[in-house]
Amino acid sequence: MTAVSRLVGRAVRALDTVESTQAVLARLAREGAPEGTVVTARHQTGGRGRRGRLWWDEPGQSLLMSVLLRPSTPTAHAPQLSLVAGLAVAGALGPAAGVAARIRWPNDVLIGGRKVCGVLPEAVSSADGRVGHLLLGIGINVDESEFPEDLRDHATSLRMETGVSHDQDRLLAALLAALDRRYAEWLAGGFARLREEWRRLASTLGERVRTPDGREGLAVDVDDDGALLVDAGEGALTRLVAGTRVLAP
Ligand code: BTN
C-alpha cells in the first residue's frame with residue numbers, strides 16, 4: 001500500500017469546553033468526516049480514560065485531542081494503532097519539549113516513570129469484521145503544576161519536568177506530523193516496520209508486569225503484532241494483546 005502523507009490533521013476543529021473530544025469526533029465520523037480529522041479542546045467535563053476511568057484535566061493546561069482514522073484493516077489489527085500512537089507521541093515529545101519520554105506498553109507515555117500522556121483507542125467495526133473507523137484519543141499533561149491527590153504520585157506534566165511552560169500550538173503541530181508519519185509507515189508495513197523503534201523507546205521491556213489473570217512475569221519483548229510477550233516462568237511465553245474499546249456503530 002502506498003504511504004499517504006499529511007493525512008492526520010488535514011482538518012482541525014479547536015473547541016473550548018466539551019464533554020469529551022471522543023464524543024465530538026464520534027459524531028463527526030458518523031456524519032462522514034474524512035480520515036485525519038482532528039478535534040481538540042481546552043477542557044473536557046467528562047474526559048474518558050481507559051478501563052472506564054475519567055481523564056482529569058485543568059482547563060487550558062492539557063493538550064486534549066482525538067484523531068479520526070479509517071484504516072481498511074481487520075478489527076484484530078486495531079490494537080496495533082495504540083502502540084503506533086504511543087511511539088508517535090514519545091518520539092515527538094523529545095525534540096518538541098526537550099524531555100526523555102518512554103512508552104509503557106501498550107501506549108502510556110512516561111517521563112521518569114510518571115505518566116505524561118494517555119492514549120484511548122475506540123474502534124467502530126463494520127459488518128465485515130474490518131475497522132469502520134477508529135478514534136484515537138490523546139491527552140498530554142502540558143502545563144499543570146500540580147495534580148489531584150489521587151494522581152499526584154503517578155502523573156507528571158511537561159512543565160513539571162522542564163520547569164518551563166510549553167506552546168501548545170507548536171506541540172500539536174509536532175504531534176500531528178509524528179502521527180501522520182507513523183500512521184503512514186504502519187499502513188505500509190504494519191507494526192513490524194515500527195517494532196524496532198518502539199522497542200528503543202519502551203520502558204516496559206525488562207520490567208516485571210502483571211497479566212490480566214493475576215500472574216506475574218517478566219516483559220521480554222513485543223511481537224510483530226504489538227503483543228507483549230511475558231515470561232511468567234511457565235515455559236511458553238504469555239502473549240498480551242492491547243485492548244481497544246469497541247463502540248456501537
Ligand atoms: C488513559 O486512560 O490513559 C487514556 C486517556 C485518554 C485521554 C484523552 S484526552 C482526549 C481524548 N478525549 C477523551 O475523552 N479521552 C481522550
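Refer to the structure above for everything that follows.
Computed from a predicted model, the values in this text were never measured in an experiment.

Conventions and cut-offs
Residues numbered from 1 in each chain as written. Predicted model: local features only at pLDDT ≥ 70, side-chain atom pairs only at ≥ 80, totals over all residues. Heavy atoms only, no water. Helix = DSSP H or I, 4+ residues; strand = E, 2+ residues; numbered from the N terminus. Rg over C-alpha atoms; globule rule 2.2 N^0.38 Å. Buried < 20%, exposed > 50% of the residue type's maximum accessible area, 1.4 Å probe, protein only. Contact = heavy atoms within 4.5 Å. Near = heavy atom within 4 Å. Polar contact = N/O pair within 3.5 Å; in protein donor to acceptor, adjacent residues only side chain to side chain. Areas by Shrake-Rupley, 256 points an atom, 1.4 Å probe, with all protein chains shown as cover. Nonpolar A, V, L, I, M, F, W, Y, C, P; charged D, E, K, R; others polar. Salt bridge = Lys/Arg side-chain N within 4 Å of Asp/Glu carboxyl O. Pairing = 2+ DSSP bridges. Axes fitted to C-alpha atoms, helices over the stretch in contact; angles between N-to-C directions. Core = buried A, V, L, I, M, F, W, Y, C linked by side-chain atoms within 4.5 Å.

Here's the deal with the overall build of the protein chain
Then step 1. Of regular secondary structure, the protein chain possesses six helices and twelve strands.
Then step 2. Here the C-alpha atoms of the protein chain give a radius of gyration of 17 Å, agreeing with the 18 Å that 2.2 N^0.38 yields for 249 residues.
Then step 3. Overall, the C-alpha framework of the protein chain stretches about 50 × 45 × 30 Å when taken along its three principal axes.
Then step 4. Looking at the protein chain as a whole, 53% of its 249 residues are labelled buried.
Then step 5. Sequence separation of 24 or more characterises 62% of the internal contacts of the protein chain that already satisfy a separation of 6 or more.

Concerning the site of the ligand
Then step 1. Around the ligand, 20 residues are found, and the nearest of them are Ser20, Gln44, Arg48, Arg50 and Lys115.
Then step 2. Arg50 is positioned such that a nitrogen or oxygen atom in its backbone is 2.7 Å from an oxygen atom of the ligand.
Then step 3. Between the ligand and Lys115, the relevant distance is 2.6 Å, taken from an oxygen atom to a side-chain nitrogen or oxygen of the residue.
Then step 4. Considering the ligand on its own, with 420 Å² of exposed area, one finds that the protein chains cover 97% of that surface.
Then step 5. No other element matches the four residues that strand E6 (residues 114-125) contributes to the shell around the ligand.
Then step 6. For the shell around the ligand, the per-class residue count stands at six nonpolar, ten polar and four charged.

Section: the pattern of salt bridges
Then step 1. What the rule picks out here adds up to 19 salt bridges.
Then step 2. Residue Asp221 is joined to Arg199 by a salt bridge in which the shortest nitrogen-to-oxygen separation is 2.8 Å. Remark: Arg199 occurs in helix H6 (residues 195-201) and Asp221 occurs in strand E9 (residues 216-222); sequence separation between them is 22 residues.
Then step 3. Here Asp221 falls in the buried class, since its relative accessible area comes to 18%.
Then step 4. Across the pair Asp223 and Arg239 runs a salt bridge whose closest N-O atoms are separated by 2.7 Å. With Asp223 in the loop between E9 and strand E10 (228-231) and Arg239 in strand E11 (residues 238-240), this pair connects stretches of sequence that are 16 residues apart.
Then step 5. Look at Arg239 and you get partly exposed, because its relative accessible area is 41%.

Topic: the environment of Pro95
Then step 1. In this fold, Pro95 is placed in helix H2 (residues 79-97).
Then step 2. Residue classification places Pro95 among the exposed positions, given a relative accessible area of 68%.
Then step 3. For Pro95 and Ala174, which are 79 residues apart along the polypeptide, the C-alpha to C-alpha distance reads 8.9 Å.

Details of helix H1 (residues 21-30)
Then step 1. The buried count for H1 comes to seven of ten residues, which makes it a mostly enclosed element.
Then step 2. Restricting attention to buried positions, one finds in H1 the residues Thr21, Gln22, Val24, Leu25, Ala26, Leu28 and Ala29.
Then step 3. Sitting at the amino-terminal end of H1 is Ser20, which places a side-chain oxygen 3.0 Å from the backbone nitrogen of Gln22.
Then step 4. Just downstream of H1, Gly32 is the residue with a positive phi angle, here 100 degrees.

Description of the sheet that holds E11
Then step 1. Ordered by their spatial adjacency, four strands build an open sheet running E8-E9-E10-E11, and the pairing between neighbours is antiparallel. Two strands bound the open sheet, and with one partner strand each, they are strand E8 (208-210) and E11. Sheet twist, expressed as the mean angle between neighbouring strand axes with direction ignored, is 50 degrees.

Comments concerning the nonpolar core
Then step 1. With 58 residues, the main nonpolar core has Leu93, Ile140, Leu158, Leu179 and Trp198 as its most contacted residues.
Then step 2. Once residues lying within four places of it in the same chain are set aside, the contact partners of Leu93 are Gly98, Val99, Ala101, Val109, Val116, Leu158 and Leu171.
Then step 3. In this structure, Leu25, Ala29, Val39 and Leu135 belong to the second largest nonpolar core, which totals eleven residues.

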